[in-house]
Amino acid sequence: MNKEQIFNIVIEHSRELLPELEGHTFQYSDRLTDLGANSVDRAEIVMMTMEALSLHIPRVELFGASNIGELVDLIYDKLQLV
Amino acid sequence: MISAGIEAMNAFGGTVSLNVMELAKYRKLDTGRFENLLMVEKSVALPYEDPVTFAVNAAKPIIDAMTEAEKNRIEMLITCTESGIDFGKSISTYVHHYLGLSRNCRLFEMKQACYAGTAGFQMAINFVLSQVSPGAKVLVVATDISRYLKVEEGDELSPDWSFVEPSGGAGAVAMLISEQPVVFQVDPGANGYYGYEVMDTCRPVPDSEAGNADLSLLSYLDCCEQTYLEYERRVSGVHYRDTFDYMAYHTPFGGMVKGAHRTMMRKMIKAKAPEIEQDFAERVLPGLHYCQRVGNIMGATLFLALTSTIDRGSFDVPKRVGCFSYGSGCCAEFFSGVVTPEGQERQRQLAIGQQLSTRYSLAMDEYEAVLQASDIVKFGTKNAKLDPLFIPQAVVRHSAPRLVLDEISNYHRIYKWSTVT
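Criteria and cut-off values
- Residues numbered from 1 in each chain as written.
- Chains lettered and ligands numbered in written order.
- Predicted model: local features only at pLDDT ≥ 70, side-chain atom pairs only at ≥ 80, totals over all residues.
- Heavy atoms only, no water.
- Contact = heavy atoms within 4.5 Å.
- Buried area = accessible area lost by both parts, 1.4 Å probe.
- Salt bridge = Lys/Arg side-chain N within 4 Å of Asp/Glu carboxyl O.
- Helix = DSSP H or I, 4+ residues; strand = E, 2+ residues; numbered from the N terminus.
- Nonpolar A, V, L, I, M, F, W, Y, C, P; charged D, E, K, R; others polar.
- Pairing = 2+ DSSP bridges.

**Q** Can you walk me through the interface of chain B and chain A in this structure?
**A** Taken together, the contact pairs 23 residues of chain B with 18 residues of chain A. Between chain B and chain A, a total of about 1,800 Å² is buried, with carbon and sulfur atoms accounting for 55% of that surface. Ranking the residues of chain B by area buried against chain A places R33, L218 and D222 of chain B at the top, with a combined share of 32%. Across the chain B-chain A interface, the total number found is six salt bridges. R59 of chain A is paired through a salt bridge with E225 of chain B; the nearest N and O atoms lie 2.8 Å apart. Looking at the side of chain B that touches chain A, the elements that each hand over two or more residues are helix 7 (213–234) and helix 8 (254–269) of chain B. Considering each element in turn, the side of chain B that touches chain A owes the most residues, nine residues, to helix 7 of chain B. A class-by-class count of the residues in the side of chain B that touches chain A yields ten nonpolar, five polar and eight charged.

Next up, the structure:
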């Protein structure tokens, strides 16, 4: 699984939760907060992505990303360990 | 084995409230997705209200209903709070004094963020179950307020303010724990606990909060899953939907509980969206009602959700309630107990919903005035005299005597009973 594939999974779940982002062209530098996702939405996007990737780790280990690109990096790194 | 649990339980949601949607608009927050946070109102602590007045006002109706002999069997008074007013002297000493309890009584306080109430509750349950003093009762009072003297901008730990201010409430829940668990009989030993070090939300300075809402939410969800899995390992034949007729969750705000329930239903029993929505309405929503009116009262929130569940649920036959407690930092627990028709009838006599309805609803300029005036009672205040007529409309709305803070004299807090009607 490369970073672009993970990025696309994050986008897919972001659009599923926030349908108004359908026409948005996502960038690695996009912040979910700026796209209208509140705390609950952000946690949901992280969890849906974890489930899609069958990544079984504590959710708190995916905390700390300040934009989608950093979230993708975090997930990518975790996937290398399992 | 002897049974143990809650003999009587009362919540006190303060004197004044604030519509949080109006607050969100006033703070110019993005209200587009605010509604899915499921916040409605919150209680606001007036300058003459503090964790002691909330605690005493919650416990008073329970104590007043007891005979002198029964009162004298209260051998332990535990206050549970993250809003302490002194590093050494616990709130329980004031509560003990103003309730006029026996001196042959242990007085102390518990702290572990929003888990504190559960820590006190379990301590009391174990004391009763141990039978080291047969017939003894314990008064557990979880009491917390949010004063919000704001942490400075740019601070590494500054909170997502837009999220914290509307959710932070003020209130207390008092519980009489004994071997007559009329209201809630615990399932002894059916406890799944889970804790580890995490810096999610905290109170590193007096009268404010810091931390990160996202991290706290993820930690809450991790703990929800891990405590339940531990409970499942200890209790045979457990099913997340079928074993518990109702679920009472620690409720920082309703949207968080809805998200957690959705996740648990999906992970534990592979439920699909329509079933989860219906199940949430049936098993969880009754417990959310009071929490949506009072806001997050930290250590007391889970038990506020429990009172709400008991008052608003349908208990034509005895039913089991699953309870999830989470306190940042962190410690969490999943436990359960049974509520009977008699228990619901007893609980409803305290008319908690009615008490919440009598609160005065603050206008935004009044709310700002409260925030300003709260400076007079900030942590470490040596001397102060409180104005009992601050927000005069709040005073005339209650008929039963209420404890209020009168003055602080050389750090000693002096309270009086307000009987204005």
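**Q** What is the right way to read the sheet that holds strand 3 (residues 41–44) of chain B from this model?
**A** In a beta sheet, neighbouring strands are held together by backbone hydrogen bonds and run either parallel or antiparallel to one another. Residues and elements named next belong to chain B. The strand order across the open sheet built from three strands is 3-2-14, with neighbouring strands paired in mixed fashion. Two strands in the sheet have a free side with no partner beyond their single neighbour: strand 3 and strand 14 (360–361). One ladder, built from four bridges, connects strand 2 (residues 16–19) with strand 3; its direction is antiparallel. Across the sheet, residue V16 finds its bridge partner in strand 3, namely V44.

**Q** How should I be thinking about the side chain of Q344 of chain B in this particular structure?
**A** Along the chain, Q344 of chain B falls in helix 11 (residues 341–348). Discounting residues that sit within four places of it in the chain, Q344 of chain B has contacts with I310, D311, G313, F315 and V339 of chain B.

Geometric descriptors of this kind do not, in isolation, establish any biological role.
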